[in-house]
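If you want the building blocks of each chain, they are given just below.
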Amino acid sequence: MSSFVNHREDSTVTVEETSTKDNVTYYKITVKVGSVRWTVLHRYNDFVELHEKLVSDHGVAKELLPPKKVIRNKTPKFVEQRREALSEYLKNVFNYLKLTMPSEFAHFLDFHLYDIFFLLQDLAKTLFLEGDKLLECEKSHNFTPLELHAISERLKIACPMTEKQDQMYDFSHILDFCSQLRALNIEGSYEKLGTSNIVPNDLRFDLIPFKSLLDLKILGVPMACIQSVGGLRDTLVSLSVSTASVVSLNEFLLVDILHKDPSSIADTVKWKKLSVINFASNNIDNVDWAIKLVPRLQHLSLSSNKLKELCDISCLHDLRVLNLSMNSFSVCENWHAKIGNIVRIDLSQNRVESLQGFSRLYSLESLDLSCNVITDVEEVQHICKLPCLEYLWLTANPVASSIDYRVKVLEQFNARMTELCLDNEKASEKELDTARVLQALRVVKEGKTPSFLQNNNTSHSFNKS
Amino acid sequence: MTSGPYNYSYIFKYIIIGDMGVGKSCLLHQFTDKKFMADCPHTIGVEFGTRIIEVAGQKIKLQIWDTAGQERFRAVTRSYYRGAAGALMVYDITRRSTYNHLSSWLTDTRNLTNPSTVIFLIGNKSDLDGQRDVTYEEAKQFADENGLMFVEASAKTGQNVEEAFLETAKKIYQSIQDGRLDLNAAESGVQHKPASPGRPLAAPPAARDNCAC
């Protein structure tokens, strides 16, 4: 992003090319400010319009603009001559107006799209006029990395003299808006912005101006862009960072801490109110210790990552919902020792084979294991004793295509079979009847009632052999 | 819209200035959040806060720029004086040096703001009366000589903090009423709330009702 006030002497405006569209000749203006550059297309009439304003309001000499020509103004030779003349014109006007940079001229050259100060002037005006309405009505507000970068940089630099005199364009209105905003979305991009060489995801920004933010959603912005989270640790309730190639949670949770070393981390970096975290579609392969920095966490979603195992997160006493869908879990051992009072687990689209690890998650109400590789219906034995389990998904597992799959699963829940919702469906009367028959047969076969008290090693070894 | 955070008629711009460590950010925090920040970090460049107050039945939004006291940020902070309607100039009653520097702060303020800017002198840390280094009388005399309003306040206990911000606003509001402050002037530091689209704040001219056309 360009910062014209810091690069006034390092800026040029030239007309280097022409193009024709719908029988109209366009002149391609190249603006360079420091290392930033972009192009703008204008036809001759736009120059005339601009020139009139500059002459009347800013003392530009009237004869400076190359004159109009009505006939034969399309010949290559003429166009080339005019291109040179317009280039010379812009160079002169630019040199003359460099210090004041009137708004009409800045807009003509698209400074409001690519330059920190001119972009913020427009933003200030919008937020002055609309800010309160947006705060009242909008569910969340989108800021581009470009805008956030401009705000962060603007705070570090003194007010430029080019700033418009009207207070409507005052930077205060932006900070005022930011300090009240409750929900913020930031969407990044690796694509060059407009006609410029600015890549939004190369721009750094901080979140310091956001003093009452509750909800933050970041989509496709690399964590390296964020230089500081400001006061977010005290206010943020819900966080979502998706498709940002994040490998570990502390990339965000400790984004502004240089030494990400567990022993040197103070209480001040804890996220005091954060209760919902969603890091969907990243490259996380391990839930690292940084999760301890979120003591009030209730809802953790790590869908579409590269997790294979769950580490001990029993320190999260408030954790209720865990979404681990679309990862690479295969063995889930002793999860009751790793997660405490959990209510909902989504493990759909993993490679889970056995349900043994869930046998003591006594608070579990919902377990989604759809699209895994469970083959043996007797695996259900491990979870049939869970007293609160009401929702179970086993659809799209190999076991789900076996004969009488539903009744065989339902039957294992004994008296609770009527309460269970299997694959989004409660048991029908017919299924319940069949299940009761199966249960009776089991009693006869095993000579004992009911099966859930029984060690099921025998059936296991039988099936495996 | 009769209540809530979006109902106000004016915006006043304030700046808070003074030496490093006199408690500028703490005053702001106490005023906006009614809390005392014990371990307040040094301000980098500038900070910002807002609050809506009521003066003479009018709701006014204060946009407050809290500047860094450190010398190295002086160039940045100076640029924020422009267009301030109120300037709170703070010193620490337990450190004479911060008081001695007031004249240079005052010079800056007078040079960089407009004549109608209300300057309010605050002697902060009044809770530390035992360590007092500047007497109330001395500071009061300085204020009187320079035509400043003055209180001793404590960002820690909150004593006189509201008063300082509110009195400044009252004085500014008074200036508007008296016509000494021109709302349309570019750098007055006072603005009308923007009219919401389709529902202009300024009532349509009454003359129209009487007009037959």
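Residues numbered from 1 in each chain as written. Chains lettered and ligands numbered in written order. Predicted model: local features only at pLDDT ≥ 70, side-chain atom pairs only at ≥ 80, totals over all residues. Heavy atoms only, no water.

A. Structural view of the overall build of chain B. Scanning chain B from terminus to terminus reveals seven helices and seven strands. The helix and strand sequence of chain B, counted from the amino end, reads β-α-β-β-α-β-α-α-β-α-β-α-β-α. Summarising the internal contacts of chain B: among those between residues at least 6 apart in sequence, 73% fall at separations of at least 24. Within the structure as shown, chain B displays about 10000 Å² of accessible surface, and the carbon and sulfur contribution to it stands at 50%. (Helix = DSSP H or I, 4+ residues; strand = E, 2+ residues; numbered from the N terminus. Contact = heavy atoms within 4.5 Å. Areas by Shrake-Rupley, 256 points an atom, 1.4 Å probe, with all protein chains shown as cover.)

B. View of the interface of chain A and chain B. Contact residues are listed per partner, giving 28 residues for chain A and 29 residues for chain B. Buried area between chain A and chain B, summed over both chains or domains, comes out near 2300 Å², and the portion from carbon and sulfur atoms is 48%. For K13 of chain B, the salt bridge goes to D170 of chain A, with nearest N and O atoms at 3.9 Å. For the interface between chain A and chain B, the tally reads seven residue pairs in polar contact (both at pLDDT 80 or more). At the level of elements, α5 (116-137), α6 (145-156) and α7 (172-180) of chain A are the ones that each hand at least two residues to the side of chain A that touches chain B. Residue composition of the side of chain A that touches chain B, grouped by class: 13 nonpolar, six polar and nine charged. (Buried area = accessible area lost by both parts, 1.4 Å probe. Salt bridge = Lys/Arg side-chain N within 4 Å of Asp/Glu carboxyl O. Polar contact = N/O pair within 3.5 Å; in protein donor to acceptor, adjacent residues only side chain to side chain. Nonpolar A, V, L, I, M, F, W, Y, C, P; charged D, E, K, R; others polar.)

C. Examining the packing of aromatic side chains more closely. All told, the structure shown has 26 aromatic pairs over all chains when counted by the stated rule. Between the aromatic rings of W38 of chain A and Y114 of chain A, the centroid separation amounts to 4.9 Å while the plane-to-plane angle is 35°, which identifies the pairing as tilted. A residue pair is termed long-range when its members are at least 10 positions apart, and W38 of chain A in strand β3 (residues 36-43) and Y114 of chain A in helix α4 (residues 111-114) qualify at 76 residues. You'll find W38 of chain A and Y114 of chain A in the same group, each marked buried. Put simply, the rings of F4, W38, F94, F105, F111, Y114 and F118 of chain A pair up and form one aromatic cluster. The ring of F31 of chain B is capped by R51 of chain B, whose NZ or CZ atom sits 4.3 Å from the centre of that ring. (Phe/Tyr/Trp six-rings, centres within 6.5 Å; stacked < 30°, edge-to-face > 60°. Buried < 20%, exposed > 50% of the residue type's maximum accessible area, 1.4 Å probe, protein only. Lys NZ or Arg CZ within 6 Å of the ring centre and 35° of its normal.)

D. Local environment of helix α11 (residues 429-446) of chain A. Residues and elements named next belong to chain A. Between its first and last C-alpha, α11 extends 25 Å over 18 residues, near the 26 Å set by a 1.5 Å rise per residue. Every buried residue of α11 is accounted for by E431, L432, A435, Q439 and R442. Along the long axis of α11, the arc covered by the buried residues comes to 95°, so they all point the same way. Summarising the geometry of α11, the exposed residues directed more than 90 degrees from the buried face are E429, K430, L441 and V444. Each element contacted by the buried residues of α11 is listed here: α10 (405-411) and β17 (425-426). (Expected span 1.5 Å × (residues − 1). Arc of directions from axis to C-beta.)

E. Structural detail: the sheet that holds strand β13 (residues 344-346) of chain A. All names here are of chain A. Strand order in the open sheet formed by 12 strands is β4-β5-β7-β9-β10-β11-β12-β13-β14-β15-β16-β17, with mixed pairing between adjacent strands. Every other strand in the sheet has two partners, leaving β4 (141-143) and β17 as the edge strands with one partner each. Relative to strand β14 (residues 366-368), β13 is paired through three bridges, and the arrangement is parallel. Residue D346 lies in a different strand from β14, and its bridge partner there is D368. (Pairing = 2+ DSSP bridges.)

F. How the structure looks around the sheet that holds strand β2 (residues 24-33) of chain A. Residues and elements named next belong to chain A. In space, the three strands of this open sheet follow the order β1-β2-β3, with antiparallel pairing throughout. In this open sheet, the two edge strands, each paired with only one partner strand, are β1 (11-21) and β3. Strand-to-strand, the axes of this sheet are offset by a mean angle of 25°, without reference to chain direction. Of the strand pairs in this sheet, β2 and β3 are connected by eight bridges, and their pairing is antiparallel. (Axes fitted to C-alpha atoms, helices over the stretch in contact; angles between N-to-C directions.)

G. Focus on the pairing of strand β5 (residues 183-187) of chain A. Residue and element names in this part refer to chain A. Buried residues dominate β5, accounting for four of its five residues. The sheet contact formed by β4 and β5 spans three bridges and is parallel. Across the sheet, H141 pairs through a bridge with L184, a residue of β5. As paired strands, β5 and strand β7 (residues 215-219) are joined by five bridges and run parallel to one another. Looking across to β7, one finds that I186 is bridged to I218.

H. View of helix α6 (residues 161-178) of chain B. Between the first and last C-alpha of α6 of chain B there are 26 Å, a value that for 18 residues agrees with the 26 Å anticipated at 1.5 Å per step. Just downstream of α6 of chain B, G179 of chain B is the residue with a positive phi angle, here 80°.

I. Local environment of the side chain of N327 of chain A. Residues and elements named next belong to chain A. On the secondary structure map, N327 appears in the loop between β12 (321-323) and β13. In terms of polar contacts, N327 uses its side chain to reach the backbone amide nitrogen of N305, at 3.1 Å. Excluding anything up to four places from it in sequence, N327 contacts L302, S303, S304, N305, K306, L307, Q349 and N350.

J. Expanded view of the pattern of salt bridges. In total, this model carries 27 salt bridges over all chains according to the counting rule given. Across the salt bridge formed by E47 of chain B and K211 of chain A, the nearest N and O atoms sit 2.8 Å from each other. In this pair, E47 of chain B is assigned in strand β2 (residues 46-55) and K211 of chain A in the loop between β6 (205-206) and β7, connecting two distinct chains. The class of E47 of chain B is partly exposed, set by a relative accessible area of 25%. Connected via shared salt-bridge partners are E378, E411 and R442 of chain A.

K. View of the state of the cysteines. Residue and element names in this part refer to chain A. Overall, the coordinates contain zero disulfides over all chains when judged by the stated rule. The closest cysteine sulfur to the non-disulfide-bonded C371 is located on C332, 15 Å from its own sulfur. On the accessibility criterion, C371 (35% relative accessible area) is partly exposed. (Disulfide = S-S within 2.5 Å.)

L. View of the nonpolar core. In this structure, F111, L216, F252, W335 and F358 of chain A are the most contacted members of the largest nonpolar core, which totals 163 residues. The biggest single contributor to this core is α5 of chain A, with nine residues. In this structure, V55, L62, V118 and L183 of chain B belong to the second largest nonpolar core, which totals 34 residues. (Core = buried A, V, L, I, M, F, W, Y, C linked by side-chain atoms within 4.5 Å.)

M. Layout of the packing of helix α1 (residues 44-58) of chain A against helix α2 (residues 76-97) of chain A. All names here are of chain A. Two elements in contact, α1 and α2, have axes whose closest approach is 13 Å; the angle formed by their N-to-C orientations is 30°. Our classification of the angle between α1 and α2 gives roughly parallel. The two elements α1 and α2 meet at a crossing, and its hand is left-handed. Between α1 and α2, the residues in contact are Y44, F47, H51, L54 and H58 and R82, L86, Y89, L90, V93, Y96 and L97, respectively. Among the residues forming the contact of α1 with α2, the class breakdown is nine nonpolar, two polar and one charged. (Parallel < 35°, antiparallel > 145°, perpendicular 65-115°, else oblique. Left-handed = near helix turned anticlockwise from the far one by under 90°.)

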